[in-house]
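Structural overview
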Amino acid sequence: MNRKILLLLCLLTLLSVNVFAKDGEQTDDYLGVTAYSPGEQIFSLNAGAIIPLFTIATAAPDGTDIINPLISTNLGIVGGLKWGSFIADNFYLGIDLTGMFTSSSTRTLSMIPISFTTGYYFIAWPFEFPIYLNTGFSFNTLGDYFTITPCIRPGLGAYWNITEEWAVGLNAEYWFIPEIYFSGNYVEQSLIANFLQISLTGVFHF
Amino acid sequence: MKYIKYAILLTAAVLAFSCVDNPSGLFYSLQYESEIIDGELDNGLTIGDMAMRNAYYFIASGAFRYKAVDGTTWSVSTPIDAAGYSCYKLINLDEIYAIFFHTDTLDYKLFKAVTTAVSTDVITWSEIVIADIPTDERLIDIAQSGGRLFLYTEKTVSVVSGNDKRYSVYSTDATSLAAGTGLVDELDSLDSYGELDVDYDGANYWLISGNKLYSGLSGALVEDTAAAEASALILENGYGGVYCHGTDVYLSTDEGVLLKYTGGAWTDLTGAASLNRIFDIERVTIASESIDVLLLGSEKGYYELDLGAAAPVFTSPETADTKLSTPVQFASIELSNDVIRSFFFDTDNNRIFALGYNAGLWENSLQANGRFWNVE
């Protein structure tokens, strides 16, 4: 499992390099044609499932496992809204508001990340393949617990444009939620929670 | 540059607000949350009382329920003459005695449950009519300690204004109780109502009723004001519970104060702790570790006092590891927010039960390799 996640991260990193390398160029990219110009906007809705994966203990005491599966947590639901505005060909900046809910054996976990989002669309009309990165803060509750943590969510999608304005497709998004304590009694409880979101999406271009 | 400044300010503001006082890390709590065993009993029940007899547990929980000590299924038994009545109190005094209450008529009935054949799910009920209770008084509560049953009665008196209820306390032993006679007058015409709790220190009975504490031999109970005077108690709601361990007497108040009497004087064990309203007291011995812990039921979970510590302080599992739970487990179970009015300690099987108010029955098996609460 860990090797797969590492592979995914490497892939995302490589793709990101391409994104910035292409920024500003007006030529076709290697997958298709330039489709989105500066000033165009997208609005998307997501709904799907979120899978608890594991936690990474960043300050685990000696003799304890660093990576532990999140077996106490069930499959959850996720939904979200995203708005983006293209600032270069196929490259957008925007805002993302997402909410996820799941349950453990005794409590409900909810995370509501509010993120800045940036992404790049690879086009092969009528298909398009965005990669994106949401970074922001997540408002997390678990029973009586509440905390605000950073939230980093890289993702990729595969959409089919059913009209010139509407596209539908699938997103896969990885959630890194670090809850890190630098001092105090909780340092050894510092964890990075990892989730995988799989969702259906509808995108409106305007 | 301007946007970067705003982003830094926003980040700082969010991080400042993120400093929330959780008892542990949120994801840490999630990661190490243990799955509790949730039995078939309704977790919203109010458990008024609990007893054990003939390897069966009995609870007064609206219905009179019982199950085998090692069983999982709770059965209900109701005396024929108590149809429509609810059971909220029971005791074990050579047999199980249960008090049934009719919510419409406010009528109370006391029954004896002969449980010798309980293993075949047969309970023989017989109503106990105590002829010695004056006809203008009605039985409303029972408690048991030191081999005696204490009965609490209520009557209505004529007054110009104010409280027209008066309460009396009687006691009897098992033999007399079975015969329905032989009541001993303990206290008469009390005007306060509240928790009725009694315990026996081997020589004297200690009884609380409302905001009064009484002590002495059966039939010679006298009001004891030393506890209230010693600690300048403000007893707005009264005492919460009384508990004897040997000659030590523990006394809790609804205002969150715990007192201890060791024969000389009352001392306040509360110290600097700021406790919620506290109720019943129970002392638990964890045999495997020779640990004695004092438990205090509270309107929000319970407190522990490790009596083996050099300087015992009240601890809630909400904030620190305790002998019976951990913050991670405690935060993940409803018990942490429940009202726990009393406990039942099964010394034979080394189990402690926390009796919830609209919160079911919680059980901790006091295992040496990790103690966790499960719910029946």
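See the structure shown above.
**Details of the pattern of salt bridges**
Counted according to the given criterion, the structure contains twelve salt bridges over all chains. For the salt bridge of Arg153 of chain A with Glu173 of chain A, the shortest nitrogen-to-oxygen distance reads 2.7 Å. With a gap of 20 residues between them, Arg153 of chain A in strand β7 (residues 145–161) and Glu173 of chain A in strand β8 (residues 166–179) connect regions that are remote in the sequence. Assigned by exposure class, Arg153 of chain A and Glu173 of chain A land together as buried. One salt bridge connects Arg351 of chain B with Asp70 of chain B, and the closest N-O pair in it is separated by 3.2 Å. With Arg351 of chain B in strand β26 (residues 351–357) and Asp70 of chain B in the loop between β3 (63–68) and β4 (75–76), the pair connects residues that are 281 residues apart, well separated along the chain.

**Focus on the environment of Thr153 of chain B**
Residue and element names in this part refer to chain B. Locating Thr153 in the fold gives a position in strand β10 (residues 148–156). As for Thr153 and Arg138, which are separated by 15 residues in sequence, their C-alpha atoms are 5.2 Å apart. Excluding its chain neighbours within four sequence positions, the residues that come into contact with Thr153 are Ile133, Glu137, Arg138, Leu139, Ile140, Arg166, Tyr167, Ser168 and Tyr170. Side chain to side chain, Thr153 and Glu137 meet in a polar contact 2.6 Å long.

**Some details on the interface of chain B and chain A**
Facing the 27 residues of chain B at the interface are 30 residues of chain A. Summing both partners gives a buried area of about 2600 Å² for chain B against chain A, and 61% of it is carried by carbon and sulfur. Scanning the region where chain B abuts chain A turns up zero salt bridges. Of all the elements in the fold, those that place two or more residues in the side of chain B that touches chain A are α1 (2–17), α2 (26–31) and α5 (327–331) of chain B. Among the elements that line the side of chain B that touches chain A, the one with the most residues is α2 of chain B, at six residues.

**Topic: the pairing of strand β6 (residues 95–101) of chain B**
In the case of a regular strand, side chains alternate between the two sheet surfaces. Residues and elements named next belong to chain B. Taken across its seven residues, β6 has seven buried, putting it largely inside the fold. Side chains of β6 alternate between two faces, with Glu95, Tyr97, Ile99 and Phe101 and Ile96, Ala98 and Phe100 buried alike. Summarising the sheet, strand β5 (residues 86–93) and β6 pair through seven bridges and their orientation is antiparallel. Of the residues in β6, the one forming a bridge with Cys87 is Phe100.

**Focus: the pairing of strand β6 (residues 127–142) of chain A**
Residue and element names in this part refer to chain A. As defined by bridge partners, strand β5 (residues 108–124) adjoins β6 across 16 bridges and the pair is classed as antiparallel. What sits directly across from Ser110, in β6, is Thr141. In textbook terms, the turn of a hairpin is the stretch between consecutive antiparallel strands, and for β5 and β6 this stretch comprises two residues. Judged from the 14 bridges that link them, β6 and β7 form a sheet pairing that is antiparallel. The residue of β7 that forms the bridge with Ser138 is Thr149. Here β6 hands over to β7 after two residues, with Gly143 in that stretch at a positive phi of 55°.

**Considering the sheet that holds strand β23 (residues 302–306) of chain B**
What the four strands build is an open sheet, ordered β21-β22-β23-β24 (chain B); its pairing is antiparallel. At either end of the open sheet lies a strand with only one pairing partner, and these are β21 (278–286) and β24 (314–315) of chain B.

**Brief notes about the sheet that holds strand β2 (residues 56–61) of chain B**
All names here are of chain B. Taking strand neighbours across the sheet as the criterion, the four strands line up as β1-β2-β3-β4 in an open arrangement whose pairing is antiparallel. Both outer strands of the open sheet, β1 (49–53) and β4, are each paired with one neighbouring strand and no more. Of the pairings in the sheet, the one linking β3 to β4 comprises two bridges and is antiparallel in character. Paired with Tyr66 across the two strands is Ser75, which belongs to β4.

**A short note on the packing of aromatic side chains**
All names here are of chain B. Scanning the model with the defined rule gives 32 aromatic pairs over all chains in all. The interplanar angle of 45° and the centroid separation of 6.1 Å between the aromatic rings of Tyr56 and Tyr66 together place this pair among those described as tilted. Here Tyr66 lies in strand β3 and Tyr56 lies in strand β2, a separation of ten residues in the sequence. Its relative accessible area of 4% is what places Tyr66 among the buried residues.

So, how was this worked out
Residues numbered from 1 in each chain as written. Chains lettered and ligands numbered in written order. Predicted model: local features only at pLDDT ≥ 70, side-chain atom pairs only at ≥ 80, totals over all residues. Heavy atoms only, no water. Salt bridge = Lys/Arg side-chain N within 4 Å of Asp/Glu carboxyl O. Helix = DSSP H or I, 4+ residues; strand = E, 2+ residues; numbered from the N terminus. Buried < 20%, exposed > 50% of the residue type's maximum accessible area, 1.4 Å probe, protein only. Contact = heavy atoms within 4.5 Å. Polar contact = N/O pair within 3.5 Å; in protein donor to acceptor, adjacent residues only side chain to side chain. Buried area = accessible area lost by both parts, 1.4 Å probe. Pairing = 2+ DSSP bridges. Phe/Tyr/Trp six-rings, centres within 6.5 Å; stacked < 30°, edge-to-face > 60°.

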